Structure formats: structure tokens, C-alpha cells
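Residue-level structure breakdown
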Amino acid sequence: MSTTTDTSGRTGAGRATIAARTLRTDRWWLPPLATFVAFVAWVAYATVRAFMQEYYFVSEYGYLTPFYSPCVSVGCVEGSSHFGTFLPDVWWLPYAAVSLPFLLLFRLTCYYYRKAYYRAFWLSPPACAVAEPHARYTGETRFPLILQNAHRYFFYLAAIVTLVNTYDAVLAFAKPGGGFGLGLGNIILVANVVLLWGYTASCHSCRSAVGGRLNHFSRHPVRYKMWTFVSKLNTRHSQYAWATLASLAITDFYVMAVSAGWISDLRIVG
Amino acid sequence: MTEQIEQHSYDVVVIGAGGAGLRAAIEARLQGKRTAIISKSLFGKAHTVMAEGGCAASMGNANPNDNWQVHFRDTMRGGKFLNNWRMAELHAREAPDRVWELETYGALFDRTAEGKISQRNFGGHTYPRLAHVGDRTGLELIRTLQQKVVSLQQEDFAETGDYESRIRVFAECTITELFTTSEGPGERGAISGCFGYFRDDGRFVRFDAPSIVLATGGVGKSYSVTSNSWEYTGDGHALALRAGATLINMEFLQFHPTGMVWPPSVKGILVTESVRGDGGVLRNSDGERFMFSYVPDVFRDQYATSEEEGDRWYTDPDNNRRPPELLPRDEVARAINSEVKAGRGSPHGGVFLDVSTRLKAEEILKRLPSMHHQFKELADVDITAEPMEVGPTCHYVMGGVEVDPDSAMSSVPGLFAAGEVAGGMHGSNRLGGNSLSDLLVFGRRAGLHAAQHADRGRPAVTESDVQDAVERALLPFSTATDGGENPFMVQQELQKTMHELVGIIRKEDEMEMALKKLEDIATRTRTVSVEGHRTFNPGWHLALDLRNMLLVSLCVGKAALERQESRGGHTRDDYPVMDSDWRHQLLVCSALGEDDIELTRKDQIAMRADLFDLFEMDELKKYYTGEELGGHRTELAE
Amino acid sequence: MTSTQNGTHLQHFKVWRGDDTKGELVDYAVEVNEGEVVLDIIHRLQATEANDLAVRWNCKAGKCGSCSAEINGRPRLLCMTRMNTFAENEVVTVTPLRTFPVIRDLVTDVSFNYTKAREIPSFTPPEGVEPGEYRMQQVDVERSQEFRKCIECYLCQNTCHVVRDHEENKQEFAGPRYLMRMAELDMHPLDAHGNRAVESQEEHGLGFCNITKCCTEVCPEHIKITDNALIPMKERAVDRKYDPLVWLGNKIFRRPGS
Ligand SMILES: Cc1cc2nc3c(=O)[nH]c(=O)nc-3n(C[C@H](O)[C@H](O)[C@H](O)COP(=O)(O)OP(=O)(O)OC[C@H]3O[C@@H](n4cnc5c(N)ncnc54)[C@H](O)[C@@H]3O)c2cc1C
Ligand code: SF4
Ligand code: SF4
Ligand code: FES
Ligand code: FES
């Protein structure tokens, strides 16, 4: 990345003649590189898992991985689907095909992820005060990037999916055989859901919807309170974005490991 | 010389884009005049941005007992009754309207619970009176006025297709000369235009105009420890002198009690008075709140005598007296000076100012964000947890161009002055917050009367004057070949002289020595030389500013030597008390050739009876001589 | 470099000297004392070896936004960059703002910003409200007050890749400082202009911003430009242009002047 050379647009027009692409002396290339590696790894893992159609449910304790929630394919194993089964079971259709695309779009259009991948993947810019390698730039002014403006719809949908995940996590406390159960899996499922809510509620679209749109907070005291709360969460939105990537992967991996019998769930109650 | 000179013609030319200049220009434009604004720095960067605490106006939002009469009385007291009372009256009366007007330009002051403009306490003000925005009030003021100028330009654009058809900003342009018509018999030379150069490429420019408003700010750069920026070289003061106008009150300089003292490179940078207004206390190295021992007799009744009472005042001001940390600035500055001299100073030669023990960290962050930022970034001090070290710094010049109070016009027809460059309004000492309101009130008045004056015809510029101006401006380059001195060195010498010999505490022999040194510096100033060319050449810029600094320093030195008493911003070691016989004496400076000045005495006009009656006899007795008290209501009633 | 007594040492500086035709980095070894900032060093150069070294500054206290430049490639205020943030043997490179035409040495022509400022419609006072009768609640002005902390240093304008890397976008893009000005007025409880969000998008280039936050990173006033101004403006533009839910909500629960 740091070896890309380019001279377009940065001199001329009376600007100071400085040939170097940047004079930064710190390791500015490290954050975008780290982001790049982490995203690629995560996407690879998630893709494999979404199409695996296996090891997504621990029937003994009712653990369902969020990657398969809601499980609506006729192929879903017994007990894993809480909302009916209506999708055909074909290899190219993930069992949670009604939620995954929207979750993907939610994150793809998320203001934070946009920042992260515009920097790490598109190098636009790779880091502040480091020239980008593109000759022309139009940002989000035209198709397709203008569609980023649709973020709030994916927010509305993602909020519903997060409700579904919450339902899954709560349901997992009731063992399929009946009675209350608590294991490490439950704790992981709940922690994941809490983080998901943190991420979803700290969304910029949410901040705008709950109160940011208003010009007279003083006339809407309740919405002002909500806005203040969301604003506080919002300052940590990027942390939630990373934390949920981790928690989703961990949750899924744990469910897979237990379901495949590589490890057994650590039980606390029942 | 075949120098190309850019030429412009305007109805009103305003020199200075600080609060006073912008308000003047807005007014002139609103009066329908074609107006130019000229500024040494970029548009929006003038010194006014640095004002922190607030803008005094008796709106009565925080305490309904406040009104213009109270504000007037406070101002006169602060100035030790040497103020031009008519200016103080106009200021107190008009300040609220000027502040409210800013809201219609888009200003966003901090608010009270009822949604009105919030007002804060400041030294010398009886009631909470300063409209403010955190501690960046000056920034709000200048940005608001700047944006109003832009909005007027947009109106003009809509009408004429040219943003600059009626009001135009000439940024980074320094005026070096004013042009007047030659003096006829029994007739004063009148303003015809001015001359200067653009800092970026050094090209010369002349403005032909019948009205010029000086709004160039102060003179603090003549001192080595100052809260002022490089712009404060006293250009307006010197331009006025050379054009034939007079300066008054030049011996009165305000040393702000709290400037940063460490690290050395930021020595002098201001620590806003709001730190004390919001609860900050001063302690010496023994941990003692020493201000209690420095309350002068004239203020004895208005200030707390115990720490407990002072503390109570912050929450219950109606039943307690204010802590002595909030005495007028001159008192506090002298007290700090004495403590340090007595060996009770802080490690870097100041005293401790502590707000961390009095306010919660989050409250400090909310009320004093830029102070927190400033100390954190520049001194590595966290003011929410540690005390600051502070000491006096040269801050404000009360003296300035002598003007007619109502019209702001100097003795030269067509030459107006407003803001810090004008003299009289603040007497011997300015109250905090009274400058920003001064800028608005007299900026507007100067703009209005400059506009009216412009209707009285346009005197022509004498061409030979223009040639002389060019030659004077180029002098530092021609002396280069003769091996003249580096202007930076001469400047340092001047600053050191003023700081050490005509500083906060003054002595006759020291001042005489200073005047001798200034004579020497005058010769050196004439022959400084600069290398390089005219494109953005700071050496050249300084060489030209130097002669203004010199002239102004001479005024300060001579007037300070003459005034044999201590009053407000003038403290004599050899005449330590205030002397009523000096109260009505104004010291007037006028130019004597290129680099000398002449000092004359003049009587202050007696205060109008209705204003005089606003004060109690007991108070007046402390300032006035017996015979001057004749007209007071109590005397007449007997 | 060489350390001497009482915290004074010599530091290797590289300062860009030149004008709009040519220029280069010039090496200097300069004395540095305890507690100094980069501007002090530039001033020392001016007073000693380089009298004609051009630099713009005013307040030396981070309040006026005049002394913007790039130090080791990062846009900074010269007066607020302490020398102790560099190792004594580190080379300190000082260059002018890259995005604007250079005048001389460290001084650039920032008129782009004044041109853009003029294109932003000014505050429109509400009709029928007299001076002195403005009533606004503190919670309602706080958001705009944050933006009014701006000292117009133009570091954000300089850093934003939209114009830094693409001269041709200067026409259409107002830059973060002026999009933030639109946000300030849009959130002003009494501005009567109306609908600044869509205007920002359609006329001032809000869409060019890809929220990569460099403006926020460099802002010396720590204004959250992207999070508090640009993104909310994008959201407000969506409200007006693309969101049927909001549209419906407004139809059903219409409240005046929310
Ligand atoms: C740190 C600090 C804090 C302060 N806090 C407060 C406060 O809280 N409340 C208060 O009331 N007062 C305060 N003051 C005082 C107040 O800010 C100033 O007195 C006031 O801003 C002066 O305004 P002005 O319009 O007269 O001039 P300035 O704002 O200084 O403007 C002067 C203008 O003149 C221009 N100029 C000068 N010479 C020339 C020339 N030769 N040619 C062309 N242009 C020229 C300059 O470029 C500049 O634009 C403070 C001052 C300082 C330094
Ligand atoms: S966030 Fe937007 S405006 Fe700010 S620097 Fe990035 S692209 Fe420019
Ligand atoms: S928003 Fe911040 S970075 Fe941009 S001009 Fe204002 S103060 Fe400077
Ligand atoms: S989810 Fe990141 S901004 Fe909406
Ligand atoms: S000189 Fe004013 S911000 Fe640096």
C-alpha cells in the first residue's frame, strides 16, 4: 500500500511543489492494513459458515447461531426454526436468507464501516493527509454510492433481526426438553445480543430518528433524553462495530464447536 | 520611482477588522455608503477573537436590578473618575441594544433558564453583566460580525451581481500613512485617503476616501510580556498622531493580573478573568488567600472581609459582599506584583490561581473549556486538578485617539476612531467586559458619523504625499546597503526597555532612562534594514511597524513621567497614592516631526449634573477635590 | 541532536522555502528550549538566520487559526504543537498547507475558504421577532454552539481528500468547515431559511464527503465535525428526500416548528 506512487492532482494550481505523496513519518499505513486484514478474514469466515448449512444449532440446549437466525429453510433441523420454514433447501441459499442480506447491507451502509472500508479497501484516502491513488473522485454523489443514503431502511430491518436474535437468546434458556437451563452458551448468546443492541442503537440513523432531526429539544423533553442517550452510545459506535464482529464470530464458533461435538458446553444450571 | 500603485476610491474606509472596525463598516454600509475594510491579518482573525470573558451590557437578565445607571457608575469607578463621562454614559445606555442586535445577525450566546442571554460576574461589575459564550466570547463576536458582512455582501450580490459592490474586505493589507489636505490658515487638514501595502506580495495600494475610521486596536507589542499579538504595534495611534490628531491617557496601560508565566514561550498569554468570576481563588506560596490584605480604602465597603463571606457570595450575592479576587484589575495586578516581590511567589515567578478545589471537573470543562485546553496543551497543566501559575501581563491600553464622544471623530476632520485605539471611555482603568461593548457602541457611532461626514465632499489626495509614502515604505530596503540593523533586534530592545522601565510599577529615574534609550532606539529604527524582497517579508513588515511602536512608547513614557500620582493603570513607586488634583488632568500627546512627541495638559470637562447626582457624596469625596463637589444634589439641597 | 545544559538542544528542522513557481526543503539546526512550540522555533529562525521566512500567525494561543501548516506531514497549528512531542534527534519537517496555492514559504492563499463562506446562505432572522426578544433554550443552541467554536484554521478544508487530492472538486464542494456552517444554521432554533440539508446536498457538495473523518481528526478545537454535523446533515437530507416513513409521520403527527 505504502509503495503506491501517484502524482495526480496534488501539485499544480499554484500549490507548493512537494513531490512526496505524504510527509507523514508515523506508521499511517498500519490502521488501514489492519482493517483490511480483519475484514477479509471475517468475511471469509462468515461466507463459509453461511453456506455450510451444518453445526448451527445445539438441539440439546436450544443454541442457535445468529448466522442462521431466523432459520426459515425447509432444511433447518428440528427445533431451530421459530418462524416457520418456507425457503427451499438448496446449497446456494443460506438458511437465514431472509435476514443475512439485510444485515450485510446494514453493515455495508453503516457510516462507520463506510469510513473503514473507504480507507482500507478503496484508499480514499488511506489515511489523513496521504494522497489517494485515484485520478477522479465523486464520493457519494452518484450511483451506486448514492444508495448509501438508504442506510436507515436497513437500520429499521436490522432492528427487527436483532429482536429475533434476542428472542433466540431468551428462548435458549428454556431447554427443548422443558425446564430452565443455563450454560456458557447462554451467556455468550446474551452477551452477543447485548452488543448487537449497542451497535444497533448507537447507529447514526437511530440518533437522527430518535431526536437528532428536531431543532427544539426543549419542546420534546423525552426525545431529548433519548437523543442524549443514543448520542452517548454513538460516540462508541466504532467500538460496537468491532465488538459485534468479534462477538458474532465467537458466538457462531462456539455454537459450531458444541454442535459438532468438538467441545461440550459448560453447564451451570441443568 | 516607477512604482505601480493600486488605487481605490471609497466613501468610508475602515482600518481594522476587529469588533470595532467590523461594526463601523456594517453601519457605514447600512447607511448606503461604499465601504472598505482593511486589516493586517486575514478576515476574522483580528485580536478581538482572543477576548474570552464576555461583553458587558446591563440587560438585567441575571439580576433585574441592573440598569444603565449602575453600569455607568461601575465604569466611572473602575476608571477612577478620569473617564470621559459622556462616552461612559453612551456606552452604558447603548450596550444592551448592541448586544441584542447581534442575535439578529445570528450570534448564539449562552442562555438563562428563561431563554434570555445569560450574564456572568466580572471584576468591578456590581451585577452579573457579561453576555458570554463559554470563554470564547470574542470569537463569537467577530464571527457574528464577519458573517453579517458576508450577509450584506450576499444582499449586494443579489442586487448588483457583485459581492463587493458596496462592502469589500482588503485582508493582509497594512496601512502605513494617512493623507490629509494641507492645513490652510485657521483650518485643519482634513482626511483625503490612506496608503499601504499588501502583505502577500508587497504591492502598494492607496485608498481615496473622505472618511476614515481607525479601529486598529492596541499597543501591547511594545512590551515583552503581553497578552497581545503582533498586530498590536499601535499603528492607529501613530497614524493618528502623524495625521495631526491627538492622543490622551497614554500613561494608562492595563496589566492584566493573570497571564501565564510558564513555559517561557507562552509567557503573557491571558488567563481569563472568568476563572476568578466563576470561583477561582488566588494564593501565594504560603497557601494564603492574600487578596484580603489588599483591599484599598475606596473599595472597603464593597468587598468581603472574610473567606467565608467571599465564598457565600457565589451563591448568595444579595446578602454577601464579593471576594477581593474580583477587585478591578489594577488592584489585583499590583497585589500579585507585591506578593512575588516579597518572596511569596510560585516557582516560576507568579502566584497560584486555583479553580480545581472550588468547582467540579465537569463544571470547569463546561464553563472554561478554552482555559482547560490552553493549559493542557501549552503547559501540561490540568486545571481541573491543579492550580495555575499566573502573573501580570500587559493587556490593554486605556489611552488612545482623543475623540468627540458622540461622533467618535478626532480633531482631524474625517478621521474617526473606535475601539481600543480610541481614548477616554475607560479613564485610567478598563473594567473587564467593557471593551467588547465599547467596540460595538462606538464602532457603530463611528460608522454612522463617518458615513454622514462622507456627504460633505471629497478632498483630493496630494500626489506628492503618495510619492513620499512610497519612499518611506521602501526605506528599510535602501538602508540595507548601508548595513543597518536587524529589526527584530531593535524590537526586542524596545520591548525590554518598556517592560523593565515603564512597566507595571514606575519610578522617575527609570522612566528618564527609558526616554533616553528610546531616543537611541529612534535613530536605530530609522536605519533598520531588511534582506530579501517584498513578498510576504516579515522583516520588512516589522521594520515599518517599529516606527509606530516607537512613537507610541514615547507617548507612554512621557505621559507616565509627567503624571505624579498613582491611578488605575498607572502606578508610581515615588507617588504611590491617588491625588484628587490630578483627577481632572488629561495629558495630551501630539506629534513633533517623524519620531518625537509633545505633551500638553488639558482639563477634563466637568460631569453633567444629572450624572454627577447618580453618585453618593461619600463616594465622590474619595475622588474629587472639595471645590469640584459644588454642584452635587446634596449640596444644592442644603 | 546535541543536548546542552538546562533543557536546551539543537534540533534538525526542514522547512519548505519557496513560492508558487518552485521551492524546496531547507535544513536548519535550531536551538530548542524547554516548553517551546514549533512556532517559537520558526520565530527563532526569523530572528536569526532567515529574516524573510514567511509565516502567518496572530494569537500564539490556538485561538485565531492563522498559523496552520503541516508538521511531519500532519496538518497542525504551529503554535499548539509542543516541541516535546518530538524526540530530540527527530527531524521536524514543516511545510505549507498542501491544498491551497502557496504564496511564500509557509504562507498559503486561503481565499478558497472565503469564497465558499460567501456561498453559504446567511442566518435568516425570524420575522416579527424584535431584537431583545429572542428566546432560545440552552439545550437548543448547544449543538450549533459546538460548531461556532470553529477558529477557521482551515485545517479540515486542507486535509479533506475531496479537494486535497482533487483540485477539480473545489468548484462543487464547500468543504467540511462550510458544510458544518450549514449544519449550524440548520440546527439554529430560530433560523428562518429552512431546508438547508437538501441544499447542502444539491448545491454545496455534501455527497462528496465519504465520512472518512480526517476533518474531525485534525480539528484543533476538537469539534466532532463528521459525527455531529456532516452525518446528521446527510440524515436530514434523507429525511427530506428519501424517507417515506418520516414523510408519513410528519403528515400524521404534524407539529409546528419541531
Ligand atoms: C487575551 C485577551 C482577552 C480579552 N478579553 C476580553 C474580554 O473578555 N472582554 C472584553 O471586553 N475585552 C477583552 N479583551 C480586550 C478586547 O478584546 C480588545 O480590546 C478588543 O478586541 C479590541 O478590538 P478592536 O476592534 O479595537 O481591535 P482589534 O480586534 O484588535 O482589531 C484591530 C484590527 O486592526 C487591524 N490593523 C491594525 N493595524 C493596522 C494597519 N496598520 N493597517 C491595517 N489594519 C490594521 C488589525 O489587523 C485588526 O484587524 C481581551 C483582550 C485580550 C488580548
Ligand atoms: S469526513 Fe467528509 S468532509 Fe471530513 S475530511 Fe472526510 S470526506 Fe472530507
Ligand atoms: S472546523 Fe476545526 S479544523 Fe475546520 S476550520 Fe474550524 S477549527 Fe479548523
Ligand atoms: S449502523 Fe453504523 S451508522 Fe448506522
Ligand atoms: S497563532 Fe493563532 S492559532 Fe496559532
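The written sequence of each chain sets the order in which its residues are numbered from 1. In the order they appear in the text, chains get letters beginning with A and ligands get numbers beginning with 1. Only residues with pLDDT of 70 or above have their local features reported here, since the model is predicted, and side-chain atom pairs are shown and tallied only from 80 upward, although totals for entire chains, interfaces and linings are computed over all residues. Computation of side-chain values: all heavy atoms of the structure, hydrogens and water removed.

**Overview of the overall build of chain C**
Operational definition: To qualify as a helix, a DSSP run of H or I must reach at least 4 residues; to qualify as a strand, a run of E must reach at least 2; elements of each kind are numbered from the N terminus. Each residue's exposure class comes from its accessible area (1.4 Å probe, protein chains only) as a fraction of the maximum for that residue type: buried when under 20%, exposed when over 50%, partly exposed otherwise. The contact criterion used is simple: two residues touch if any of their non-hydrogen atoms lie within 4.5 Å. Only the protein chains shown count as cover for residues, and all accessible areas are computed by the Shrake-Rupley method using a 1.4 Å probe.
On a plain count of helices and strands, chain C comes out with 10 helices and 7 strands. Expressed along its principal axes, the backbone C-alpha trace of chain C runs to roughly 75 × 40 × 30 Å. The buried share among the 258 residues of chain C stands at 67%. Taking contacts inside chain C between residues at least 6 apart in sequence as the whole, the part at least 24 apart equals 62%. In the form shown here, chain C has an accessible surface area of approximately 9000 Å², with 51% of it arising from carbon and sulfur atoms.

**A closer look at the side chain of T525 of chain B**
When you line up the elements, T525 of chain B lands in helix α14 (residues 508-526). Contacts of T525 of chain B, omitting those with residues within four sequence positions, involve V490, L546, R547 and L550 of chain B.

**Focus on the UniProt feature "binding site: substrate" (unreviewed entry) in chain B**
Residues and elements named next belong to chain B. Here is the rule we go by: UniProt positions are given in the numbering used here, feature names are shortened, and annotations may be inferred rather than shown by experiment.
Following the UniProt record, the feature "binding site: substrate" (unreviewed entry) maps to H256, T272, H395 and R430 here. Turning to its location among the elements, T272 is positioned in the loop between β13 (253-260) and α6 (274-277). With residues near it in sequence (within four places) discarded, T272 still touches E52, G53, F122, D135, L368 and M371. The topology assignment puts R430 in the loop between β18 (415-417) and α11 (434-454). Beyond its immediate chain neighbours, meaning those up to four positions away, R430 contacts Q254, R329, H395, Y396, M398 and S435.

**What about a nonpolar patch on the surface?**
Residues and elements named next belong to chain A. The test is simple: Like-charged residues within 9 Å of one another, or nonpolar side chains (Val, Leu, Ile, Met, Phe, Trp, Tyr) within 5 Å, are grouped into patches, provided each residue has over 30% relative accessible area and no salt bridge. Here, a salt bridge means any Lys or Arg side-chain nitrogen found within 4 Å of an Asp or Glu carboxyl oxygen.
A cluster of nonpolar residues, L30, L33, F36, V37, V40, F121 and W122, forms a patch on the protein surface that exposes about 610 Å² of accessible area. Residue placement: F36 occurs in helix α1 (residues 30-52). Owing to a relative accessible area of 35%, F36 belongs among the partly exposed residues under this scheme.

**Description of the domain arrangement of chain C**
Residue and element names in this part refer to chain C. This is how it is decided: Start and end positions for the domains come from either an automated domain assignment or a database one. Accessible area that two parts lose when put together, with a 1.4 Å probe and added across both, is what the buried area reports. Counted as a polar contact is a pair of N or O atoms within 3.5 Å, where, for protein atoms, one must be capable of donating a hydrogen and the other of accepting one, and residues adjacent in sequence contribute only when both atoms are in side chains.
Annotation of chain C at the domain level lists domain 1 (9-108) and domain 2 (111-252). Look at where the C-alpha atoms of domain 1 and domain 2 centre, and you get two points 31 Å apart. Between domain 1 and domain 2, the residue contacts involve 14 residues of the former and 17 residues of the latter. Roughly 1100 Å² is buried in total at the junction of domain 1 and domain 2, and carbon and sulfur atoms are behind 57% of that figure. Contact with domain 2 buries area across many residues of domain 1, yet P75, T99 and F100 alone supply 50% of it, more than any other trio. Counting every contact that joins domain 1 to domain 2 gives 1 salt bridge. The partner of R164 in a salt bridge is E70, and the shortest N-O contact between them spans 2.9 Å. At the surface where domain 1 touches domain 2, the tally comes to 6 residue pairs in polar contact (both at pLDDT 80 or more).

**A short note on the environment of A473 of chain B**
All names here are of chain B. For A473, the position within the fold is in helix α12 (residues 463-478). Distance in space between the C-alpha atoms of A473 and Y197 is 8.6 Å, their sequence separation being 276 residues. Excluding its chain neighbours within four sequence positions, the residues that come into contact with A473 are F195, F204, W540 and L544.

**Regarding the interface of chain C and chain B**
Listed by partner, the interface residues are 61 residues for chain C and 68 residues for chain B. Between chain C and chain B, the buried area comes to about 5400 Å², and carbon and sulfur atoms account for 51% of it. Considering only the surface of chain C that becomes buried against chain B, K63, R118 and R148 of chain C emerge as the three largest contributors, covering 16% of it. On the surface where chain C and chain B come into contact, there are 7 salt bridges. In this assembly, chain C and chain B are joined by 40 residue pairs in polar contact (both at pLDDT 80 or more). Counting only elements with at least two residues in the side of chain C that touches chain B, the list comes to α1 (38-47), β6 (102-104), α2 (111-119), α3 (138-148) and α6 (176-186) of chain C.

**What about the side chain of S356 of chain B?**
Residue and element names in this part refer to chain B. Relative to the assigned elements, S356 resides in the loop between β15 (351-354) and α9 (361-367). Side-chain polar atoms of S356 contact the side chain of D354, separated by 2.7 Å. Once you skip the residues sitting within four places of it in the chain, S356 turns out to touch I364, I383, T384, A385 and E386.

**What about the interface of chain C and chain A?**
With 67 residues of chain C in contact, the opposing surface of chain A contributes 57 residues. The junction of chain C with chain A conceals about 5200 Å² of combined surface from both sides, 48% of it contributed by carbon and sulfur atoms. Between the two partners, chain C and chain A, sit 8 salt bridges. Note that R15 of chain A and E167 of chain C form a salt bridge whose closest N and O atoms lie 2.8 Å from each other. Connecting chain C to chain A are 39 residue pairs in polar contact (both at pLDDT 80 or more). When residues of the side of chain C that touches chain A are traced back to their parent elements, those giving at least two are β4 (74-77), β5 (92-95), α3, α5 (161-164), α8 (214-218), α9 (225-241) and α10 (244-252) of chain C.

**Digging into the site of ligand 2**
Residue and element names in this part refer to chain C. As a reminder, the rule being used: When we say a residue is near a molecule or strand, we mean one of its heavy atoms is within 4 Å of it. Following the grouping adopted for this structure description, the nonpolar residues are Ala, Val, Leu, Ile, Met, Phe, Trp, Tyr, Cys and Pro, the charged ones are Asp, Glu, Lys and Arg, and the polar ones are all others, Gly among them.
Close to ligand 2 lie C160, H161, P176, C209, N210, I211, T212, K213, C214, C215, T226 and L230. Looking at the shell around ligand 2, the elements that each hand over two or more residues are α8 and α9. Partitioned by chemical class, the residues of the shell around ligand 2 number 7 nonpolar, 4 polar and 1 charged.

**Considerations on the pattern of salt bridges**
Residue and element names in this part refer to chain B. With the rule as written, the count across this model stands at 100 salt bridges over all chains. Notably, a salt bridge pairs R329 with E273, separated by 2.6 Å at the nearest N-O pair. With R329 in helix α8 (residues 329-341) and E273 in the loop between β13 and α6, this residue pair connects regions lying 56 residues apart in the sequence. Taking the relative accessible area as the measure of exposure, R329 reaches 6% and is therefore buried. Counted as one network, the salt bridges with shared partners bring together R86, E89, R93, D406, R608 and D610.

**Here we look at the site of ligand 3**
With respect to spatial proximity, the complete set of residues near ligand 3 consists of C150, I151, E152, C153, Y154, C156, R177, M180, C219, P220 and I225 of chain C. A breakdown of the residues in the shell around ligand 3 according to their chemical character gives 9 nonpolar, no polar and 2 charged.

**What to know about the packing of helix α2 (residues 68-78) of chain B against helix α3 (residues 85-104) of chain B**
Residue and element names in this part refer to chain B. Where we set the bar: Think of each axis as a best-fit line through the C-alpha atoms, taken over the contacting stretch in the case of a helix, with angles from 0 to 180 degrees between the N-to-C directions. Angles below 35 degrees are treated as roughly parallel, those above 145 as roughly antiparallel, those between 65 and 115 as roughly perpendicular, and all remaining angles as oblique. Note: crossing handedness is left-handed where the near helix turns anticlockwise from the far helix by less than a right angle, and right-handed where it turns clockwise.
It is at 8 Å that the axes of α2 and α3 come closest, and there the two elements cross at 140 degrees. Viewed along their axes, α2 and α3 adopt a mutual orientation that is oblique. Seen from above, α2 lies across α3 with right-handed handedness. Contacts from W68, H71, F72, T75 and M76 in α2 reach W85, A88, E89, H91, A92 and R93 in α3. Split into classes, the residues belonging to the contact of α2 with α3 amount to 6 nonpolar, 3 polar and 2 charged.

**Notes on unusual backbone geometry**
For the peptide bond that leads from S69 of chain A to P70 of chain A, omega is -5 degrees, which places it in the cis range. In this structure, P70 of chain A sits in the loop between β2 (63-64) and α2 (100-108). Looking along the chain, the bond that leaves W262 of chain B and enters P263 of chain B is cis, with omega of -5 degrees. Mapping P263 of chain B onto the fold places it in the loop between β13 and α6. One non-glycine residue, K60 of chain C, adopts positive backbone phi at about 60 degrees. Residue position: K60 of chain C is located in the loop between α1 and β3 (68-71).

**Here we look at the domain arrangement of chain B**
The assigned domain composition of chain B is domain 1 (15-56 + 138-252 + 398-464), domain 2 (258-393) and domain 3 (608-638). Measuring from the centre of the C-alpha atoms in domain 1 of chain B to the corresponding centre in domain 3 of chain B gives 37 Å.

**Examining a negative patch on the surface**
Residue and element names in this part refer to chain B. Selection criterion: Residues scored as charged are limited to Lys and Arg (positive) and Asp and Glu (negative), so that His and the chain ends carry no count. Taken as the charge centre is NZ of Lys, CZ of Arg, CG of Asp or CD of Glu, depending on the residue.
Together, D286, E288, E307 and E308 give the surface a local cluster of negative charge. Along the chain, the position of D286 falls in the loop between β14 (281-283) and α7 (307-313). You can call D286 exposed: its relative accessible area is 56%.

**Points about the confidence of the model for chain C**
This is how it is decided: What pLDDT conveys is the predictor's confidence in a given residue, as a value from 0 to 100.
Looking at chain C as a whole, the pLDDT averages 92, with 95% of positions reaching at least 70. Across the interfaces of the predicted complex, the ipTM metric reaches 0.93, alongside a pTM of 0.93.

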